[in-house]
Amino acid sequence: MTDKAPPPPRQRKERKDNADRRRRQLIEATLRSVVENGLSRTTLATVANAAGLSQGVAVFYFKSKDMLLAAALEYQYSIYADTWRNAVAEAGTDPAERLAALIRADFSPVVCNREALAVWFSFWGEASFRPRYADSARDFDVQRGAALYELCRELLPNASETEARDAAFGIDSLTDGFWQKLYLTPESFSIEEGLRLTMAHLRMVFPDHKATFAD
């Protein structure tokens with residue numbers, strides 16, 4: 001008996017494209033389920049229902065709920081990372097402009113909206129209990145933290161390494177706190193207010209660049 005010939009390249013590409021579409025369909029359905037049901041009540045069944053697929057399809061691509069949730073968290077982080085990296089890249093070479101772009105990206109409706117915040121805080125609440133979630137969060141946070149630190153170093157040329165790290169940590173903590181406030185009290189705090197207050201903080205930390213950090 002002769003071995004069956006492998007499928008032609010075009011057919012293999014179509015299969016891969018179809019598989020990628022199914023995975024993305026399931027991941028996006030997972031995020032919707034987390035918003036609607038919370039993390040603990042999100043199951044392979046709720047995801048499959050949200051995606052309009054059978055539960056067997058979800059199991060075929062992700063094997064378990066934990067694997068699906070981990071993929072969904074990485075997808076959420078990749079959207080956020082792409083948003084701030086693109087914003088910084090498009091801002092040019094001036095470090096103040098790049099920092100302003102990074103902060104505006106933090107409050108972009110693409111990553112800072114009611115649904116996205118619900119997803120973030122659902123996962124962050126589980127991070128200390130599920131190492132896989134914590135690892136995903138740490139990898140992306142380290143990259144953003146390094147970018148923020150480098151910008152602070154450029155904007156504070158006479159500062160020590162510790163002072164630059166403290167400045168970066170303060171900015172990061174401030175935006176994290178505003179995200180939490182937007183999630184917990186959206187009726188009394190807005191995205192615009194979070195951006196305004198962050199820019200006011202940057203004007204105090206970097207007084208030589210006040211014009212760049214205008215509201």
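About the thresholds
- Residues numbered from 1 in each chain as written.
- Predicted model: local features only at pLDDT ≥ 70, side-chain atom pairs only at ≥ 80, totals over all residues.
- Heavy atoms only, no water.
- UniProt positions renumbered as here; feature names shortened; annotations may be inferred.
- Helix = DSSP H or I, 4+ residues; strand = E, 2+ residues; numbered from the N terminus.
- Axes fitted to C-alpha atoms, helices over the stretch in contact; angles between N-to-C directions.
- Parallel < 35°, antiparallel > 145°, perpendicular 65-115°, else oblique.
- Left-handed = near helix turned anticlockwise from the far one by under 90°.
- Contact = heavy atoms within 4.5 Å.
- Nonpolar A, V, L, I, M, F, W, Y, C, P; charged D, E, K, R; others polar.
- Expected span 1.5 Å × (residues − 1).
- Core = buried A, V, L, I, M, F, W, Y, C linked by side-chain atoms within 4.5 Å.
- Buried < 20%, exposed > 50% of the residue type's maximum accessible area, 1.4 Å probe, protein only.
- Phe/Tyr/Trp six-rings, centres within 6.5 Å; stacked < 30°, edge-to-face > 60°.
- Lys NZ or Arg CZ within 6 Å of the ring centre and 35° of its normal.

- The name recorded for the protein chain in an unreviewed UniProt entry is TetR family transcriptional regulator C-terminal domain-containing protein, from Ruegeria aquimaris.

**Describing the UniProt feature "domain: HTH tetR-type" (unreviewed entry) in the protein chain**
Here is step 1: In this structure's numbering, the residues bearing the UniProt feature "domain: HTH tetR-type" (unreviewed entry) are residues 20-80.
Here is step 2: Regarding residues 20-80, the helix share stands at 82% and the strand share at 0%, and the terminal C-alpha atoms are separated by 20 Å.

**Focus on the packing of helix 4 (residues 65-90) against helix 6 (residues 114-124)**
Here is step 1: Between helix 4 and helix 6, whose axes approach to 11 Å, the crossing angle comes to 130°. What the angle tells us is that helix 4 and helix 6 run oblique. Pair helix 4 / helix 6 crosses with left-handed handedness. Of helix 6, the residues touching helix 4 (which contributes Leu69, Leu73, Gln76, Tyr77 and Tyr80) are Ala116, Val119, Trp120, Phe123 and Trp124.
Here is step 2: Each residue belonging to the contact of helix 4 with helix 6 can be placed in one class, and the counts come to nine nonpolar, one polar and no charged.

**A few points about helix 8 (residues 161-184)**
Here is step 1: Compared with an ideal rise of 1.5 Å per residue, which puts 24 residues at 34 Å, helix 8 spans 34 Å between its outermost C-alpha atoms and is within 8% of the ideal.
Here is step 2: Contacts from the buried residues of helix 8 go to helix 4, helix 5 (95-106), helix 6, helix 7 (131-155) and helix 9 (191-205).

**What to know about the nonpolar core**
Here is step 1: One finds Leu26, Leu99, Trp179 and Phe213 to be the most contacted residues of the largest nonpolar core, which totals 60 residues.
Here is step 2: When residues no more than four places from it in sequence are discounted, the contact partners of Leu26 are Val47, Ala51, Leu53, Val57, Ala58, Tyr61, Phe62 and Leu68.

**Brief notes about the packing of aromatic side chains**
Here is step 1: Evaluated as defined, the whole model comprises 12 aromatic pairs.
Here is step 2: Taken together, the ring pairs connect Tyr77, Tyr80, Trp120, Phe121, Trp124, Phe140, Trp179 and Tyr183 into an aromatic cluster.
Here is step 3: Residue placement shows Arg165 over the ring face of Tyr149; its charged tip is 4.0 Å from the ring centre.
Here is step 4: Over the face of the ring belonging to Phe189 we find Lys181, whose NZ or CZ atom lies 5.6 Å from the ring centre.

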